[in-house]
Amino acid sequence: MNLFLDGIAWILDPANWTGVGSIPERIGQHLVISAIVLVIASLIALPVGVLVGHTGRGKDLAVMVSGGLRALPTLGALTLFALWLGIGLSAPIIALVILAIPPLLAGAYSGLESVDRRTIDAARAMGMREGQVVGRVELPLSMPIVVGGIRSATLQIIATATLAAYVADFGLGRFIFAGLKTRDYAEMLGGSMLVIILALVVDGCFALTQRLVVPAGVRAARSTELRSRPSRTRAALGRPINEGNQS
Amino acid sequence: MNWLWSNLDLVGELMLVHLALSVPAIILSFVISVPVGWLAHRYRWSRGVLLSLCGLLYAIPSLALFVALPPITGLSLRSPLNLVIALTLYGVAVLVRTAADAFDAVEPDVRQSATAVGYSVAGRFWGVELPLAGPVLVSGLRVVIVSTVSLVTVGAVIGVPSLGILFTDGFQRNIQPEIVTGIVATIALALALDWVCVLIGRLMMPWTRAGAVRRSSFSAPRREAQA
């Protein structure tokens with residue numbers, strides 16, 4: 001436990017809060033790069049996922065791509081891109097974008113897929129155009145799952161951005177690698193604790209967002225759903241909780 | 001290709017080391033997750049607590065966890081055991097949720113019938129709930145296999161040898177074929193373990209192969225008719 005105190009002392013040391021490569025600078029780099037990567041990856045993966053989920057076409061391909069990319073070792077992708085593109089930020093950014101695509105894609109298509117077919121039929125019967133069906137029915141109803149995909153993609157990006165400090169000079173991972181080189185465990189542990197806090201805070205924000213994006217209509221149905229336990233689930237709610245049913 | 005041919009022994013050796021790190025973590029996380037997942041499924045309070053804990057654990061970046069564990073466990077940073085513990089924790093974080101969902105998906109009617117025909121709580125778990133939850137557990141385990149085999153490589157940056165040192169060494173010495181070999185070998189290993197897992201699943205649950213895929217079925221595992 002003494003080591004943890006050393007780590008905390010390292011974090012609180014004023015010398016680490018100013019100058020080049022200070023804690024605020026590294027946190028800023030980590031967040032900015034993660035945000036850039038998330039935006040690029042979302043622009044690529046979300047429209048494709050929505051299209052696949054809406055039409056149901058190309059689902060096998062989407063599953064294969066997202067499954068296959070998941071098996072790709074992150075460190076391998078980072079080092080390979082670093083050798084191809086040289087030291088700098090473009091290599092880690094490209095590698096991070098590729099690694100963030102699977103959860104985004106999976107969240108988007110499984111979210112749209114989870115919407116009850118009868119709801120979509122009803123929307124069409126009311127005279128909605130294809131775009132309106134997607135924008136006003138499918139997307140709002142699937143939002144919690146889509147945001148869930150963005151949430152796991154963000155966690156993946158923050159984790160891999162830490163590792164990316166191995167090939168580029170940015171982010172909180174620098175503290176871990178610098179400490180590793182100089183055998184300074186306090187710095188390594190302090191850096192690790194900052195990474196963990198950052199990840200947990202960001203994850204907490206997404207957990208909150210995930211609750212907020214549940215459409216009011218679905219939320220209104222939720223309380224009765226728990227009580228009446230219908231045999232079928234509604235869109236984007238998950239299955240009713242079975243607890244208390246056993247005896 | 002030249003690099004690969006002259007280093008075939010090294011790659012084979014590293015694959016074995018890689019297996020020795022990932023297989024214990026995968027098995028341990030399965031053995032721990034099934035009872036914990038059942039507990040999470042059984043009571044509402046335990047579900048909230050356990051699943052939140054797993055969510056937090058899963059959010060922690062791997063490299064940070066590798067560094068943060070040794071002060072808690074008293075192990076050395078370069079100890080393979082440290083890596084196995086960290087990977088087991090990640091496996092548990094993923095599998096507990098899957099296990100809780102799998103047990104939730106067992107039809108209440110089936111559970112009540114089992115109780116009605118005289119199953120004890122333990123007997124019902126082994127004879128009814130676990131076999132019915134089996135296919136979902138296997139699908140969760142396959143996710144854990146792929147992610148664990150991939151995560152083992154991260155240990156290379158803190159000095160735990162695995163196929164990951166092909167990445168660090170290839171990067172430092174600028175040998176692209178070495179990194180590509182590492183990527184291909186890691187994916188191949190993940191696919192091989194995945195295949196073994198599916199095979200074991202089929203052998204242990206022969207009813208999943210026959211007939212249509214059940215999602216929320218009432219059909220209990222087929223048994224030999226016995227008097």
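About the criteria used
- Residues numbered from 1 in each chain as written.
- Chains lettered and ligands numbered in written order.
- Predicted model: local features only at pLDDT ≥ 70, side-chain atom pairs only at ≥ 80, totals over all residues.
- Helix = DSSP H or I, 4+ residues; strand = E, 2+ residues; numbered from the N terminus.
- Buried ≥ 20, exposed ≤ 12 C-beta atoms within 10 Å, placed from the backbone.
- Contact = placed C-beta atoms within 7 Å.
- Nonpolar A, V, L, I, M, F, W, Y, C, P; charged D, E, K, R; others polar.
- Axes fitted to C-alpha atoms, helices over the stretch in contact; angles between N-to-C directions.
- Left-handed = near helix turned anticlockwise from the far one by under 90°.
- pLDDT = per-residue confidence, 0-100.
- Expected span 1.5 Å × (residues − 1).
- Core = buried A, V, L, I, M, F, W, Y, C linked by C-beta atoms within 7 Å.

S.K.: Explanation requested: the overall build of chain A in the structure shown.
M.R.: Across its full length, chain A holds ten helices and zero strands. The helix and strand sequence of chain A, counted from the amino end, reads α-α-α-α-α-α-α-α-α-α. For chain A, the proportion of its 247 residues judged to be buried stands at 42%. A separation of at least 24 residues holds for 72% of the contacts in chain A among residues at least 6 apart in sequence.

S.K.: Honestly, the overall build of chain B in this entry has me stumped. Any pointers?
M.R.: Of the regular secondary structure elements, chain B holds nine helices and zero strands. Along the chain direction, N to C, the helices and strands of chain B fall in the order α-α-α-α-α-α-α-α-α. Taken along its principal axes, the extent of the C-alpha atoms in chain B is 65 × 40 × 25 Å. Buried positions account for 41% of the 227 residues belonging to chain B.

S.K.: So what exactly am I meant to see when it comes to the interface of chain A and chain B here?
M.R.: For interface size, the figure often reported is the accessible area lost on association. In this assembly, 39 residues from chain A lie in contact with 35 residues from chain B. When contributions to the side of chain A that touches chain B are tallied by element, the ones reaching two or more residues are helix 1 (2-12), helix 3 (59-71), helix 4 (74-85), helix 7 (130-164), helix 8 (173-182) and helix 9 (185-212) of chain A. Per-element tally for the side of chain A that touches chain B: the top contributor is helix 9 of chain A, with nine residues. Grouping the constituent residues of the side of chain A that touches chain B by class yields 25 nonpolar, ten polar and four charged.

S.K.: Quick question: what am I supposed to make of the packing of helix 2 (residues 8-42) of chain B against helix 5 (residues 80-104) of chain B here?
M.R.: In helix packing, the relevant descriptors are the interaxial angle and the interaxial distance, both defined with respect to the helix axes. All names here are of chain B. Closest axis-to-axis distance for the helix 2/helix 5 pair is 6 Å, and the angle between their directions is 35 degrees. Relative to helix 5, helix 2 is oriented so that their crossing is right-handed. Per-class residue counts for the contact of helix 2 with helix 5 are 21 nonpolar, six polar and one charged.

S.K.: Where do I start with the confidence of the model for chain A in this structure?
M.R.: Reading fine detail from the predicted coordinates is not recommended where pLDDT is low. Residues and elements named next belong to chain A. The pLDDT averaged across chain A works out to 83; a share of 89% of its residues lies at or above 70. Within the model, the stretch residues 224-228 combines pLDDT values under 50 with six contacts to residues more than four positions away or in other chains. In this model residues 237-247 is a low-confidence stretch, pLDDT under 50, and it forms 18 contacts with partners more than four residues away in sequence or in other chains.

S.K.: Which parts of the structure should I look at to understand the environment of Ile150(A)?
M.R.: Residues and elements named next belong to chain A. Structurally, isoleucine 150 is set in helix 7. Put simply, isoleucine 150 and leucine 61 are 89 residues apart on the chain and 20 Å apart in space, counted from C-alpha to C-alpha. Each residue touching isoleucine 150, except ones within four places of it in the same chain, is listed here: Ser42, Leu104 and Gly107.

S.K.: I would appreciate a short explanation of unusual backbone geometry in the present structure.
M.R.: With the exception of glycine, the majority of residues adopt a negative phi angle, and the majority of peptide bonds are in the trans configuration. Non-glycine residue Arg183(A) carries a positive phi angle of around 55 degrees. In this structure, Arg183(A) sits in the loop between helix 8 and helix 9. Taking the C-beta count within 10 Å as the criterion, Arg183(A) has 8 such neighbours and is therefore assigned exposed. Here Asn174(B), not a glycine, exhibits a phi torsion of approximately 60 degrees, which is positive.

S.K.: Explanation requested: helix 4 (residues 62-73) of chain B in the structure shown.
M.R.: For helix 4 of chain B, with twelve residues, the first-to-last C-alpha span of 16 Å sits near the 16 Å given by 1.5 Å per residue. Of all twelve residues in helix 4 of chain B, nine are buried, a share of seventy percent or more. At its buried positions, helix 4 of chain B is contacted by helix 7, helix 8 and helix 9 of chain A together with helix 5 and helix 7 (121-152) of chain B. Looking one or two residues beyond helix 4 of chain B, the residue adopting positive phi is Gly74(B), at roughly 80 degrees.

S.K.: What is the right way to look at the nonpolar core in this model?
M.R.: Soluble globular proteins tend to pack their nonpolar side chains together in the buried interior. The biggest cluster of nonpolar side chains holds 124 residues, and the ones touching the most others in it are Leu78(A), Leu96(A), Ala100(A) and Leu104(A). With 16 residues, helix 5 of chain B is the largest single contributor of residues to this core. Setting aside chain neighbours within four positions, we find Ala100(A) in contact with Val37(A), Leu38(A), Ala41(A), Ala153(A), Gln156(A) and Ile157(A).

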